[in-house]
Amino acid sequence: MIIVLPPSEGKARRSRGRPMAPDALSFPELADARARVADALSEASAAPDAARRLKVGPAVEHELVDNLNQRTLPALPGSRLFTGVLFDALDFASLTPGQKRRAHASVLVVTALHGALRLGDAVAPFRVSMGVDLPGIGGLAAFWRPLLAEALAPVVAGQLVVDCRSTDYRAAWRATADQAEHWVQVDVPGASHGAKHTRGLVARRLLQAGPVRRPEALPDALGAGFRVDLAAPGRPAQPWRALVTRVADPDAVGA
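Let me begin by describing the structure that accompanies this report.

The rules behind each value
- Residues numbered from 1 in each chain as written.
- Predicted model: local features only at pLDDT ≥ 70, side-chain atom pairs only at ≥ 80, totals over all residues.
- Heavy atoms only, no water.
- Phe/Tyr/Trp six-rings, centres within 6.5 Å; stacked < 30°, edge-to-face > 60°.
- Helix = DSSP H or I, 4+ residues; strand = E, 2+ residues; numbered from the N terminus.
- Buried < 20%, exposed > 50% of the residue type's maximum accessible area, 1.4 Å probe, protein only.
- Pairing = 2+ DSSP bridges.
- Core = buried A, V, L, I, M, F, W, Y, C linked by side-chain atoms within 4.5 Å.
- Contact = heavy atoms within 4.5 Å.
- Axes fitted to C-alpha atoms, helices over the stretch in contact; angles between N-to-C directions.
- Expected span 1.5 Å × (residues − 1).
- Salt bridge = Lys/Arg side-chain N within 4 Å of Asp/Glu carboxyl O.
- Parallel < 35°, antiparallel > 145°, perpendicular 65-115°, else oblique.
- Nonpolar A, V, L, I, M, F, W, Y, C, P; charged D, E, K, R; others polar.

**Details of the packing of aromatic side chains**
Any two aromatic rings considered together are summarised by their centre-to-centre distance and by the angle between their planes.
Move 1: On inspection of all chains with the given rule, the structure shows three aromatic pairs.
Move 2: Seen from their ring centres, Trp173 and Trp183 are 4.9 Å apart, and the 70 degrees between their planes marks the pair as edge-to-face. Here Trp173 is found in the loop between α7 (167–170) and β9 (183–187), whereas its partner Trp183 is found in strand β9, with 10 residues between them in sequence.
Move 3: In this structure Trp173 comes out as buried when scored by relative accessible area, which is 1%.

Written out as structure tokens, the structure is:
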């Protein structure tokens, strides 16, 4: 089973430690593309209108300096770097050792800067979203789409994919016709904050439940804490859809 997540906008930081080692990241075939995006992001972040270009509000505009210091900032593994509603609900630190091993093996985080990461990959904090255009790159989702399709095809071969990403991040990597019958797109009704929280709980529950091999088994794997309206593909090359609603207290499904 592969669980696909978006990154969080907010990132944790530490004051000292080793910087990111690009050659040590998962999916080394993405290294050249990552370097191109990093250079373009640095250029955009240094521009006088950087906040507008990168669609960043005044409250977090100061974080754009992170984009200029990717080679020197202390790096953190994704399991600690990504903060915010979804990752708070996932609560990696409280998983059992076996569940943490499962998370390292099965969770992919699709990001605008690095393409795809595993939770054990250590990277520096950054501030850029998938809906941004960068100089010389264009739209990031379109840039990453063919690269991720090729790099991640072997990872998902024969696996159930549970896709908990938001719309912008889904655009960067889509199921092929061959993958669609084993791919479940998780949709959550309601406001963004609540949807992120539910997606984090879904990921947590699946890591606790163990491997799920078929889309039809997803409702039972999530259990009584969730209502799952599962819809089979309407036509070839479309993924399954799971409309997921949390129906229990978060502590009940996260225990």
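That was the structure; now back to the text.
**Overview of the pairing of strand β3 (residues 107–111)**
Move 1: Taken across its five residues, β3 has five buried, putting it largely inside the fold.
Move 2: Burial of the side chains of β3 extends over both faces: Val107, Val109 and Thr111 are buried on one face and Leu108 and Val110 on the other.
Move 3: The sheet contact formed by strand β1 (residues 2–5) and β3 spans three bridges and is parallel. Following the sheet pairing, Ile3 is matched in β3 by Val107.
Move 4: Sheet analysis places β3 next to strand β4 (residues 115–118), joined by four bridges and oriented antiparallel. Bridge pairing links Thr111 to Gly115 in β4.

**Some remarks on the nonpolar core**
Move 1: Membership of the largest hydrophobic core comes to 82 residues, with the highest contact counts inside it found for Leu134, Leu140, Trp144 and Leu206.
Move 2: For this core, the element with the most residues is helix α6 (residues 140–156), which contributes nine residues.
Move 3: In this structure, Trp144 is in contact with Leu30, Ala33, Arg34, Val37, Thr111, Ala112, Leu113, His114, Gly115, Met130 and Ala172, ignoring residues within four places of it in sequence.

**Details of the sheet that holds β3**
Move 1: If you trace the seven strands from one edge of the open sheet to the other, you get β4-β3-β1-β8-β9-β11-β10, paired in mixed fashion. Looking at strand neighbours, the two that pair on one side only are β4 and β10 (226–231), the edges of this open sheet. Shown here is a sheet whose adjacent strand axes are inclined to one another by a mean of 25 degrees, direction ignored.
Move 2: Sheet analysis places β10 next to strand β11 (residues 240–246), joined by six bridges and oriented antiparallel. Across the sheet, Phe226 pairs through a bridge with Arg246, a residue of β11.
Move 3: Against the sheet, helix α5 (residues 97–106) contacts β1, β3 and β4, and its axis sits at roughly 45 degrees relative to β3.

**A closer look at helix α8 (residues 192–209)**
Move 1: The terminal C-alpha atoms of α8 lie 26 Å apart, and with 18 residues this matches the ideal 26 Å at 1.5 Å per residue to within 8%.
Move 2: Residues Ala195, Thr198, Arg199, Gly200, Leu201, Val202, Ala203, Arg204, Leu206, Leu207 and Gln208 constitute the buried set of α8.
Move 3: Note on α8: the residue one or two positions beyond its end, Gly210, has a positive phi of about 95 degrees.

**Re the environment of Glu181**
Move 1: For Glu181, the location among the structural elements is in the loop between α7 and β9.
Move 2: Spatially, the C-alpha atoms of Glu181 and Asp66 are 40 Å apart, while their sequence positions differ by 115 residues.
Move 3: Setting aside anything within four residues of it in sequence, one finds Glu181 in contact with Pro215 and Trp240.

**With respect to the pattern of salt bridges**
Move 1: Applying the stated criterion across every chain yields a total of 11 salt bridges.
Move 2: The partner of Asp49 in a salt bridge is Arg53, with the nearest N and O atoms 3.1 Å apart.
Move 3: Notably, a salt bridge pairs Arg165 with Asp163, separated by 2.8 Å at the nearest N-O pair.
Move 4: Counted as one network, the salt bridges with shared partners bring together Glu9, Glu63 and Arg127.

**Focus: the packing of helix α1 (residues 31–46) against α6**
Move 1: In contact at an axis separation of 11 Å, α1 and α6 are set at 170 degrees when each is read in the N-to-C sense. What the angle tells us is that α1 and α6 run roughly antiparallel. In contact with Ala33, Arg34, Arg36 and Val37 of α1, α6 contributes Leu140, Phe143, Trp144 and Leu147.
Move 2: Of the residues assigned to the contact of α1 with α6, the class counts are six nonpolar, no polar and two charged.

So yeah, pure geometry; function would need other evidence.
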